[in-house]
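Survey of secondary and tertiary structure
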Amino acid sequence: MTSTTSAAPVHDPERLAAIASRRRRNTTVSTVSTVVVLGILTLLIVTSPGWPAVRESFFNAEYARDVLPDILKGLRLTVIMFATAEPVILVVGLLLAVVRGLTAPIFTPLRILSIAYADVVRGIPTILLILMFGFGIPALNLQGLPDSPLFWAWFALVVSYSAYVAEVLRAGLESVHPSQRAAARALGLNQYQSLRYVVVPQAVRRVTPPLLNDFIALQKDTALVAIIGAGIEMTRAAQIYAFDAFNYTPFVVAACFYILLTVPLSRWADWMAERQRRRSQAGGGAL
Amino acid sequence: MTSSEARPALRLEKVHKAYGDNAVLRGVSLDIDEHEVVALIGSSGCGKSTLLRCLDLLEPIDAGAIWFEGEDISWPGYDVNAARRKIGIVFQSFNLFPHRSVIDNITLAPRKVLGLGGDEAEARASDLLTRFGLADKAADYPDRLSGGQQQRVAIVRALAMQPKIMLFDEITSALDPELVGEVLNVIRDLKQAGLTMVLATHEMTFAREVATRVAFLDGGEVAELGPPEQVLSDPQQERTRQFLRRVTEARRI
Ligand SMILES: Nc1ncnc2c1ncn2[C@@H]1O[C@H](COP(=O)(O)OP(=O)(O)OP(=O)(O)O)[C@@H](O)[C@H]1O
Ligand SMILES: [Mg+2]
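In this text the structure is predicted, and so the values were computed from the model without any measurement.

1. Thoughts on the packing of helix α3 (residues 61-101) of chain A against helix α10 (residues 234-245) of chain A
When two helices pack together, their arrangement is given by the angle between the helix axes and the distance between those axes. Residues and elements named next belong to chain A. Contact pair α3 / α10: the axes reach a minimum separation of 6 Å and the direction vectors enclose 155°. In this view, α3 runs roughly antiparallel relative to α10, as classed from their interaxial angle. Along this stretch, α3 crosses α10, giving a crossing that reads as right-handed. Across the interface between the two elements, Y63, D66, V67, D70, I71, G74, L75 and T78 of α3 pack against M234, A237, A238, Y241 and A245 of α10. Its residues assigned to classes, the contact of α3 with α10 shows nine nonpolar, two polar and two charged.

Here is the structure:
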């Protein structure tokens, strides 16, 4: 029924050589121009009149060395908080998003709750949630609940970010064409199976870039936990040193570590977005 | 819940369906016997797709009944999943799952709905793919395939559920002319195998060749019904004649 004729691909060596040569020239140009621009910027900063004072209080090597062990300890807690909060946020966010899309009358109360949750929580600054949960709940001395402010601050982050992630996922779910669900139902899959195997996987793929964006924001917002002073979280460690010595180098050190954490995530997010773009452009006609 | 001998495979009884004020189906009645191939023809917007979607219970009907295996499957609360397991539908726009490979598109429902093991489901899928000339495409993703190949995969996906009845909704209208043939070959094959089919189509020559009966849908009802030689060559109704004249004129342009 099918007829596939295949012929060997044809390459022109001269054309390939020309392409390679062009590529080499582009690399040279971009390297030289980058070095020149960065060099000029550095020169401008270092020769400016205020530089010695700035260097003393923000880029002091001695303080940096002193603070490093505690910042590294804080880094560990930061990473743990992020790594444990993220999966929980994804699950809660997905539940909220799916519930919001259910149309059966029995789900009406759940749907209303989900909408209210997103509206209320997104209206409250994350820092207020952390203060309320982190200080408020341990103060109640409730039986059977953890009384660690750190746990409740973590919990506040989960509460806050679940609402944002739910909105992103909801947009993803709505972007999957109804004909996909119809095709799944037509094959006899029930509502849950259609979501699980057909709609959700496509939705998640589509919103991966904005989701990663939220992850990056969450990683930074773990710094907010410092305000309740629980445990030695990275920003908190920097704070203690900085205010003791009236020197802000510890903040710069902490900032560097946050950047080290978020840059790979950002690059990954870009890479995913790019892959997404290529994929969706390859297809098209099918849907 | 009546049951009799020699009952039709599918019986539509005065089916009504409206979208808001737009009454699309206004009392469609039609008996489809086993091993029959019924071609649905009619002008664009006359309700062919709507009728097929109602038959697969993707749209609730407003009045009437759809009898299948002695039960009115259209009655509210009927287990739609059970009915859909036995009635397959192929859409005009393929609706393959873009995130799953060809083989995963085909095995999903047999595994999750029929509870087949992975090996069994894959064996069934491979057989069908081979039969329809797609054996080498099993691992590909849908958007790597030509339109004709995608549509054949969609047909295989529905067939893998081993339905009693297959519904085809203008499955060639999204295809380039040179790809139409390969998809129509599949239908010929299935007719040979004795599958009961309902197909909405604009391909009159094909309807003439493959259908055992042709139903002309107009004004929300079956305006004319009969063997293809009669309906397509010697229609009794004036509106059928008009429709066929429009079709032949369009072909000439
Ligand atoms: N989901 C829907 N909501 C509202 N109106 C609809 C919907 N689906 C179809 N219709 C209307 O129902 C009528 C019949 O549409 P249908 O798609 O069944 O026509 P058709 O015979 O399949 O046409 P074509 O040959 O162009 O595919 C049209 O007037 C259309 O606008
Ligand atoms: Mg149609």
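2. Quick word on the sheet that holds strand β3 (residues 37-41) of chain B
The pairing of strands in a sheet comes from backbone hydrogen bonds and takes either a parallel or an antiparallel form. All names here are of chain B. Here six strands make up an open sheet; going across it, the order is β6-β7-β8-β3-β9-β10 and the pairing mixed. Each of the sheet's edge strands pairs with one partner strand only, and the pair in question is β6 (87-90) and β10 (221-226). Looking at each pair of strands side by side, their axes are set apart by 20° on average, direction ignored. Bridge analysis of strand β9 (residues 213-218) against β10 gives five bridges, and the strand direction is antiparallel. Opposite F216, over in β10, you have E224 as the bridge partner. Against the sheet, helix α5 (residues 147-159) engages β6 and β7 (165-169), with an angle of about 170° to β6.

3. Here we look at empty space enclosed by the protein
Residue and element names in this part refer to chain B. If you walk through the whole model with that rule in mind, you get five cavities of 30 Å³ or more. Every residue along the wall of the largest cavity is listed here: F168, E170, I171, T172, L184, I187, L199, A200, T201 and F206. Contributions of two or more residues to the lining of the largest cavity are made by α6 (177-192) and β8 (196-200). Broken down by class, the residue content of the lining of the largest cavity amounts to seven nonpolar, two polar and one charged.

4. Brief notes about the sheet that holds strand β1 (residues 10-19) of chain B
Residues and elements named next belong to chain B. Strand order across the open sheet formed by four strands is β2-β1-β4-β5, with antiparallel pairing between neighbours. Two strands in the sheet have a free side with no partner beyond their single neighbour: β2 (22-32) and β5 (71-72). Direction of pairing for β1 relative to strand β4 (residues 63-68): antiparallel, over a ladder of five bridges. Opposite E13, over in β4, you have A65 as the bridge partner. Across the sheet, helix α1 (residues 48-55) is in contact with β1, β2 and β4; its angle to β1 comes to roughly 120°.

5. Some remarks on the site of ligand 1
Residue and element names in this part refer to chain B. Lining the immediate environment of ligand 1, one finds 13 residues, of which S44, G45, K48, S49 and T50 sit closest. One nitrogen or oxygen atom from the side chain of S44 is found 2.5 Å from an oxygen atom belonging to ligand 1. In this structure, E170 approaches ligand 1 through a side-chain N or O atom, which is 2.9 Å from an oxygen atom. Protein coverage of the free-state accessible area of ligand 1, which is 640 Å², stands at 61%. Elements that contribute at least two residues to the shell around ligand 1 include exactly β2 and α1. Of the residues forming the shell around ligand 1, the biggest block, three residues, is contributed by α1. Within the shell around ligand 1, the residues separate by chemical class into three nonpolar, eight polar and two charged.

The rules behind each value
Numbers given for residues are sequential positions, taken from 1 along each chain in its written order. For naming, the first written chain is A and the first written ligand is 1, with later ones following in the order written. Since the coordinates come from a predicted model, pLDDT governs what is reported: local features require at least 70, and pairs of side-chain atoms require 80 or more to be given and counted, while whole-chain, interface and lining totals use all residues. To obtain the side-chain values, all non-hydrogen atoms of the structure were used and water was disregarded. Comment: axis = line fitted to C-alpha atoms, over the contacting stretch for helices; angle = value between 0 and 180 degrees taken between N-to-C directions. By the criteria applied, helices consist of DSSP H or I runs no shorter than four residues and strands consist of E runs no shorter than two, each listed in order from the N terminus. What sets the label is the angle itself: under 35 degrees gives roughly parallel, over 145 gives roughly antiparallel, 65 to 115 gives roughly perpendicular, and the rest give oblique. Two helices that cross are described as forming a left-handed crossing if the nearer one is turned anticlockwise from the farther one by less than a right angle, and a right-handed crossing if clockwise. Here, residues are in contact when the closest pair of their heavy atoms is within 4.5 Å. For this classification, Asp, Glu, Lys and Arg are treated as charged, while Ala, Val, Leu, Ile, Met, Phe, Trp, Tyr, Cys and Pro are nonpolar and the rest, including Gly, are polar. In this analysis, strands are considered paired if DSSP registers two or more bridges between them. Site definitions follow a grid-based scheme: protein atoms alone, a 1 Å grid, a 1.4 Å probe that fits but cannot get out for cavities, and for pockets an open set with protein on both sides within 12 Å along at least five of seven lines, plus lining residues having an atom within 4 Å of a point. Grid points are joined across faces, edges and corners, and a volume is the space filled by probe spheres set on the points. For this description, a residue counts as near a given molecule or strand if any of its non-hydrogen atoms is within 4 Å of it. In protein, a polar contact means a hydrogen-donor-capable atom and an acceptor-capable atom, both N or O and within 3.5 Å, with residues adjacent in sequence counting only if both atoms are side-chain atoms; elsewhere, any N or O pair within 3.5 Å suffices. Note that accessible areas follow from Shrake-Rupley with a 1.4 Å probe, and for residues the cover is restricted to the protein chains shown.

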